[in-house]
Amino acid sequence: MSLQLPGIVLGVGMGGFVDGILLHQLLQWHHMLSSTDDDRIGVKYYNPHTVSGLEMNTVWDGIFHTVCWLAVLLGLAILYSRITYNRRRVWTSRVLWGWMLAGWGLFNIVEGLLDHQILGIHHVHGGPYRIWWDMGFLLLGLLLLIGGYVLQRSGQPFDPDPPATGAHEPRRT
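Residues numbered from 1 in each chain as written. Predicted model: local features only at pLDDT ≥ 70, side-chain atom pairs only at ≥ 80, totals over all residues. Heavy atoms only, no water.

### Remarks on helix H1 (residues 4-26)
Since the α-helix advances by 3.6 residues per turn, residues separated by three or four positions end up pointing in the same direction.
Thinking step 1. Its 23 residues place the ends of H1 31 Å apart at the C-alpha level, agreeing with the 33 Å of an ideal helix rising 1.5 Å per residue.
Thinking step 2. Where H1 terminates, the next one or two residues include Gln28, which has phi positive at roughly 55°. (Helix = DSSP H or I, 4+ residues; strand = E, 2+ residues; numbered from the N terminus. Expected span 1.5 Å × (residues − 1).)

### Focus on the layout of surface pockets
Thinking step 1. In this structure, the largest pocket encloses a volume near 400 Å³.
Thinking step 2. Lining the largest pocket are 18 residues, with Met32, Phe64, Val67, Glu111 and Asp115 sitting closest to its centre.
Thinking step 3. Mapped onto the lining of the largest pocket, the elements with two or more residues apiece are H1, helix H2 (51-82) and helix H4 (94-118).
Thinking step 4. Here the lining of the largest pocket is composed, by residue class, of 15 nonpolar, one polar and two charged.
Thinking step 5. Estimated volume of the second largest pocket: approximately 310 Å³.
Thinking step 6. Taken together, 16 residues form the lining of the second largest pocket, with Trp29, His30, Ser34, Pro48 and His49 sitting closest to its centre. (1 Å grid on protein atoms, 1.4 Å probe; cavity = no way out; pocket = protein on both sides within 12 Å on 5 of 7 lines; lining within 4 Å. Points joined across faces, edges and corners; volume = space filled by probe spheres on them. Nonpolar A, V, L, I, M, F, W, Y, C, P; charged D, E, K, R; others polar.)

### Remarks on the nonpolar core
Thinking step 1. With 12 residues, the main nonpolar core is built from Leu3, Ile8, Leu10, Val72, Leu79, Ile83, Val90, Val95, Leu96, Trp99, Met100 and Ala102.
Thinking step 2. Those elements that place two or more of their residues in this core are H1, H2 and H4.
Thinking step 3. At five residues, the largest contribution of residues to this core is made by H4.
Thinking step 4. Beyond its immediate sequence surroundings of up to four residues, Leu10 is in contact with Val72, Gly75, Leu76, Leu79, Trp91 and Met100.
Thinking step 5. Counting residues in each nonpolar core, the second largest holds 10 residues, with Cys68, Phe107, Ile121 and Val124 among its members. (Core = buried A, V, L, I, M, F, W, Y, C linked by side-chain atoms within 4.5 Å. Buried < 20%, exposed > 50% of the residue type's maximum accessible area, 1.4 Å probe, protein only. Contact = heavy atoms within 4.5 Å.)

### Things to note about helix H5 (residues 130-154)
Thinking step 1. For H5, spanning 25 residues, the distance from its first C-alpha to its last is 36 Å, which sits close to the expected 36 Å at 1.5 Å a residue.
Thinking step 2. For H5, the complete set of buried residues consists of Asp134, Phe137, Leu138, Gly141, Leu144, Gly148 and Gln152.
Thinking step 3. Where the residues of H5 are buried, they touch H1 and H4.

### A few points about the packing of H4 against H5
Thinking step 1. Orientation of H4 relative to H5, taken along the N-to-C sense of each, is 160°, at an axis distance of 7 Å. Relative to H5, the element H4 lies roughly antiparallel. The interaxial crossing formed by H4 with H5 has left-handed handedness.
Thinking step 2. Per-class residue counts for the contact of H4 with H5 are 20 nonpolar, 10 polar and three charged. (Axes fitted to C-alpha atoms, helices over the stretch in contact; angles between N-to-C directions. Parallel < 35°, antiparallel > 145°, perpendicular 65-115°, else oblique. Left-handed = near helix turned anticlockwise from the far one by under 90°.)

### Considerations on the packing of H1 against H4
Thinking step 1. At their nearest, the axes of H1 and H4 sit 6 Å apart, and the two run at 55° to each other. The pairing of H1 with H4 is recorded here as oblique in orientation. Here the hand of the crossing between H1 and H4 comes out right-handed. Residues Gln4, Gly7, Ile8, Leu10, Gly11, Val12, Met14, Gly15, Gly16, Val18 and Asp19 of H1 lie in contact with H4, whose contacting residues are Leu96, Trp99, Met100, Gly103, Trp104, Leu106, Phe107 and Glu111.
Thinking step 2. Split by residue class, the contact of H1 with H4 holds 11 nonpolar, six polar and two charged.

### Considerations on the environment of Met100
Thinking step 1. On the secondary structure map, Met100 appears in helix H4.
Thinking step 2. With 52 residues separating them in the primary sequence, Met100 and Gln152 have C-alpha atoms 9.2 Å apart.
Thinking step 3. The contact partners of Met100, leaving out residues within four places of it in the chain, are Gly7, Leu10, Gly11 and Met14.

And the structure:
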């Protein structure tokens, strides 16, 4: 069974967590709706520098984190359903980690194009150079996607099935 789907789904969720924790919470560069004063779809502006605006942005950041959490749970469920033998070994697999990096890159590309460019609801970092921050985010996504693909290609295929054993020998997990 392939590790591609669970790896990509895990990478999307984990990449979203890096974005949300690092850029939304620690650096506080943006929140989900922090650029709706000049967005392209007419969402009400919630100024993140006011208490009520920060509250609404925090709610939407929480919704974003919930989606990331669900992606990680889904990725783990898919992985668990596909790997029936030697589950510990899968975590050292270049194939899995490569697909996870590719998933993170895919997250950056989709989120960067959709939220930053098409909808304009937020940008990586506001100010006069925000387009460069947004392009850097997309470039990082492309590098993660390519690097993840190359990493998974360098790994050995993971066989999730147990080796053939006698009927009397127990299967190990």
